[in-house]
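# What the coordinates show
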Amino acid sequence: MSHLDELGRRIVRLAGDSRRPLWVEDAMVFAADHVTETMATVTEPMLALVVQGVKRSALGGHVFEHHPGQAAVVTVALPLTSQITQASRREPFLALGLRLQPALIAQLLVDGGPTAIRPHDGPGLAISDADDRLLDALVRLLRLLEEPRDLRVLGDGVRREIHWRLLNGPQGALIRQAGAADSRLALVARAIAWIRSRYDQVIRIDDLASDIGTSVSSLNRHFRAVTAMSPLQYQKQIRLQKARIELISAPNDVAAIGHAVGYDNPSQFSREYRRMFGMPPGRDAVRLQTMAIVEE
């Protein structure tokens, strides 16, 4: 049995009838038997492997196709719009994920010793083929998820190996930045945390740059390189994504929800919501209530 075959079999068994991602500690499995609506989410730092089916994600102007056997690495909290584009009852979409641990990456950088590696200049999301060593470690992780007692004892070792395989794989430069306290990714991660804690407030870029210890020009340059958008565009996406989640359960409270996420002007809220999601907030919420919604 190939690694992908075993991973698929175990994902189906672990996911069961759940229509949402199933988390076991810091690991996730997910199965979907249908193509999904495009949904906007904030994806935390993690490794995600597609085992069967296809998923498409967009970050700013970048579009990423995620195919079977490919590992996606996300190293900072990114606002993505994603859609499962290939799935059926006969061949469901299957995926697994593992939250990345910057502290563990930093420790591996120390334990592994110095090594030459070219810098990563792209966004904080990358997709590449997973090699057999990474797939083998992920198979062993899923085996442990079915044995809670073994997971408690052996899980940390397998997680460490997965991080090591990533650090020495095609996205090693990106992973390395996630563990380096003085890297561009670390600076952008601090900026993102600052914005997310104030997403519903009026923010000044001068204050943000000062609080995280950099210049405005440096902040804007690095933030756009990692997230494919400016800090203010990032805040807008966070606001609108949170509003959309709230509107699904309360489609008639458009003005109140817009105000709760930081919009004092209902017209501006509706206008920006429509620009991002393709229709006014009330209509979008009613439509989403009738559809299968996937949160990742």
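Residues numbered from 1 in each chain as written. Predicted model: local features only at pLDDT ≥ 70, side-chain atom pairs only at ≥ 80, totals over all residues. Heavy atoms only, no water.

## Examining the sheet that holds strand β5 (residues 54-59)
Read from one edge to the other, the open sheet built from four strands follows the order β3-β8-β5-β6, with strand pairing classed as antiparallel. Each of the sheet's edge strands pairs with one partner strand only, and the pair in question is β3 (39-43) and β6 (62-66). Going from strand to strand, the sheet's axes swing by 30° on average, the running direction of each strand aside. Sheet topology note: the β5/strand β8 (residues 78-86) ladder contains five bridges and is antiparallel. Residue A58 lies in a different strand from β8, and its bridge partner there is T81. Sheet contacts for helix α9 (residues 231-249): β3 and β8; angle to β3, the most-contacted strand, approximately 120°. (Pairing = 2+ DSSP bridges. Helix = DSSP H or I, 4+ residues; strand = E, 2+ residues; numbered from the N terminus. Axes fitted to C-alpha atoms, helices over the stretch in contact; angles between N-to-C directions. Contact = heavy atoms within 4.5 Å.)

## Quick word on the side chain of T43
Secondary-structure assignment places T43 in strand β3. In this structure T43 comes out as buried when scored by relative accessible area, which is 13%. Residue contacts for T43: discarding those within four places in its chain leaves V74, V76, A77, L78 and L80. (Buried < 20%, exposed > 50% of the residue type's maximum accessible area, 1.4 Å probe, protein only.)

## Brief notes about the pattern of salt bridges
All told, the structure shown has 20 salt bridges when counted by the stated rule. Note that R89 is salt-bridged to D33, the shortest N-O span being 3.5 Å. Residue R89 is found in the loop between β8 and β9 (93-99), and its partner D33 is found in the loop between β2 (27-32) and β3; the two are separated by 56 residues along the sequence. Here R165 and E161 are joined by a salt bridge, their closest N and O atoms 3.5 Å apart. Linking R165 with E161, this pair stays in helix α4 (residues 148-167), spanning four residues, or about one helical turn. Sharing partners across several salt bridges, the network here consists of E6, R10, R13, R143 and E146. (Salt bridge = Lys/Arg side-chain N within 4 Å of Asp/Glu carboxyl O.)

## Observations regarding the side chain of E272
As for its placement among the helices and strands, E272 is situated in helix α11 (residues 266-277). Separated by 2.5 Å, the side chains of E272 and Y263 make a polar contact. For E272, the contacting residues outside a window of four places in its chain are K236, L240 and Y263. (Polar contact = N/O pair within 3.5 Å; in protein donor to acceptor, adjacent residues only side chain to side chain.)

## What about the environment of R196?
In this structure, R196 sits in helix α6 (residues 184-196). Given a relative accessible area of 30%, R196 falls into the partly exposed group. Once the C-alpha coordinates of R196 and Q235 are considered, the two residues, 39 residues apart in sequence, prove to be 7.2 Å apart. What R196 contacts, discounting residues up to four positions off in sequence, is V42, E44, A77 and Y234.

## Describing the confidence of the model for the protein
Here the protein averages 91 in pLDDT, while 97% of its residues score no lower than 70. Confidence drops under pLDDT 50 across residues 292-296; counting only partners more than four residues distant or on other chains, this segment forms 14 contacts. (pLDDT = per-residue confidence, 0-100.)

## Digging into the packing of helix α3 (residues 132-145) against α4
Helix packing for two helices is described by the angle between their axes and how far apart those axes are. Close contact between α3 and α4 brings their axes to 9 Å; oriented N to C, the two are set at 160°. The orientation of α3 relative to α4 falls into the category roughly antiparallel. Where α3 crosses over α4, the two elements pack in a sense that is left-handed. Only P148, D150, L151, L154, G155, V158, E161, I162, R165 and L166 of α4 make contact with α3, whose side of the interface consists of R133, L134, A137, L138, R140, L141, L144 and L145. Its residues assigned to classes, the contact of α3 with α4 comprises twelve nonpolar, one polar and five charged. (Parallel < 35°, antiparallel > 145°, perpendicular 65-115°, else oblique. Left-handed = near helix turned anticlockwise from the far one by under 90°. Nonpolar A, V, L, I, M, F, W, Y, C, P; charged D, E, K, R; others polar.)

## Here's the deal with the packing of helix α2 (residues 102-112) against helix α5 (residues 172-179)
In the contact formed by α2 and α5, the axes pass within 7 Å of each other and the chain directions differ by 105°. One way to sum up the angle between α2 and α5 is to call them roughly perpendicular. The residues of α5 that touch α2, namely those facing P102, I105, A106 and L109, are I175, R176, A178 and G179. Residue composition of the contact of α2 with α5, by class: six nonpolar, one polar and one charged.

## Section: the pairing of β8
Of the pairings in the sheet, the one linking β3 to β8 comprises five bridges and is antiparallel in character. Counterpart to T41 in the pairing with β8 is L80.

## Details of the sheet that holds strand β7 (residues 70-74)
Strand order across the open sheet formed by six strands is β1-β2-β9-β4-β7-β10, with antiparallel pairing between neighbours. Each edge of the sheet is formed by a strand with only one pairing partner; in this case those strands are β1 (22-24) and β10 (125-129). Here the average twist between neighbouring strands, direction ignored, is 20°.

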